[in-house]
Amino acid sequence: MENISIAPAKKEQINQLNIELQTNIPNFHETKIAEQESGNSLWLIAWANGKAIGHLQVRFNGPTEKDIKTLLNNVNDFAHIESIGVKENERNKGIGTALIIKAETLAKEKNCKEIGMAVGSDDNPKARILYEKLGYKDWQKGNVIVGWNITNKDGETVREEENCVYLIKKLF
């Protein structure tokens, strides 16, 4: 793995993030940084040679998806990972693993007993294999639909949804 650093994003990095970690989700980095400022999450960026190469959001008060939150029962000491991504040309170099390990370390510091994440049940087998190697296990409560808004090629905001399995790891 190349020499990378992982740190919470800063407002002054938004332009760089929008260029180097492009997405079709409107105001993606701006929203994640605003959520970080609430104190309940961190928008972690992986850096190599001054370039942003990956990202991950860790929430310290559980997931925001209602179906997942309801089935978890108690999210007071539960962390949730979402929006994990690594630039395509930087994949399979340990960057995703490093982002997850950093999120787990931060969750432990916040006294979270468990951490979880949703992963596409059909379209992302490599990611699921990675997460399971890192100790995440199927929550055994069935699949859930996770959704988000994107901007399509016509400039319209539309909702996308994905059928996901939720994976959980005990931290303590």
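Worth saying up front: this structure is predicted, and the values here are computed from it rather than measured. (Residues numbered from 1 in each chain as written. Predicted model: local features only at pLDDT ≥ 70, side-chain atom pairs only at ≥ 80, totals over all residues. Heavy atoms only, no water.)

So what's going on with the side chain of Gln 13? Which residues, and what values?
The topology assignment puts Gln 13 in the loop between strand E1 (5-8) and helix H1 (14-20). Apart from the residues lying within four places of it in its own chain, the contact partners of Gln 13 are Pro 8 and Trp 47. (Helix = DSSP H or I, 4+ residues; strand = E, 2+ residues; numbered from the N terminus. Contact = heavy atoms within 4.5 Å.)

Report on the nonpolar core, specifying residues and quantitative values.
Looking at soluble globular proteins, one finds that nonpolar side chains tend to be buried together. Ranked by internal contacts, the top residues of the largest apolar core, which has 31 residues, are Leu 44, Val 58 and Tyr 136. Mapped onto this core, the elements with two or more residues apiece are strand E2 (41-48), strand E3 (51-59), strand E4 (78-86), helix H4 (95-109), strand E5 (114-120), helix H5 (125-133) and strand E8 (157-170). Sorting elements by how many residues they give to this core places H4 first, with seven residues. (Core = buried A, V, L, I, M, F, W, Y, C linked by side-chain atoms within 4.5 Å. Buried < 20%, exposed > 50% of the residue type's maximum accessible area, 1.4 Å probe, protein only.)

Could you give an account of the pairing of E4, naming the residues involved and the relevant values?
The element E4 is extensively covered by neighbouring structure, given that seven of its nine residues are classed as buried. Judged from the five bridges that link them, E3 and E4 form a sheet pairing that is antiparallel. Its bridge partner being in E4, Gln 57 is matched across the sheet by Glu 82. Bridge count for E4 against E5 is four bridges, and the pairing is parallel. Looking at the pairing, Ile 81 lines up with Met 117 of E5. After leaving E4, the chain enters H4 and then returns to the sheet as E5, a path that is right-handed. (Pairing = 2+ DSSP bridges. Right-handed = clockwise from strand over helix to strand, strands pointing away.)

Tell me about the packing of aromatic side chains, and name the residues and values.
For the structure shown, the criterion picks out three aromatic pairs. Plain terms: the ring middles of Phe 28 and Trp 43 are 5.3 Å apart, the flat faces sit at 90° to each other, and that makes the pair edge-to-face. Of the two residues, Phe 28 is situated in helix H2 (residues 28-37) and Trp 43 in strand E2; the sequence distance between them amounts to 15 residues. Of the two residues, Phe 28 and Trp 43, neither departs from the other in class, the shared state being buried. Pairing Trp 139 with Tyr 166 gives two aromatic rings, centres 5.2 Å apart and planes at 55°, and the pair type is tilted. One end of the pair, Trp 139, is in the loop between strand E6 (137-138) and strand E7 (144-151); the other, Tyr 166, is in strand E8, with 27 residues separating them in the sequence. Every member of this aromatic cluster is reached through a ring pair, and the members are Phe 78, Trp 139 and Tyr 166. Of note, Lys 110 hangs over the ring of Phe 60, and the distance from its end group to the ring centre comes to 5.2 Å. (Phe/Tyr/Trp six-rings, centres within 6.5 Å; stacked < 30°, edge-to-face > 60°. Lys NZ or Arg CZ within 6 Å of the ring centre and 35° of its normal.)

For the environment of Gly 39, give the residues involved together with the corresponding values.
Counting through the fold element by element, Gly 39 comes out in the loop between H2 and E2. In sequence terms Gly 39 and Gly 116 are 77 residues apart; their C-alpha atoms lie 19 Å from each other.

I'd like to hear about the pattern of salt bridges, residue by residue, with values.
As enumerated under the stated definition, the model contains twelve salt bridges in all. With a shortest N-O distance of 3.9 Å, Glu 20 and Lys 51 are connected by a salt bridge. Highlighted residues: Glu 20 in helix H1 and Lys 51 in strand E3, separated in sequence by 31 residues. The class of Glu 20 is buried, set by a relative accessible area of 16%. For Lys 51, a relative accessible area of 49% puts it in the partly exposed group. Residues joined by salt bridges that share partners form a network here, namely Lys 32, Glu 35, Arg 59 and Glu 82. (Salt bridge = Lys/Arg side-chain N within 4 Å of Asp/Glu carboxyl O.)

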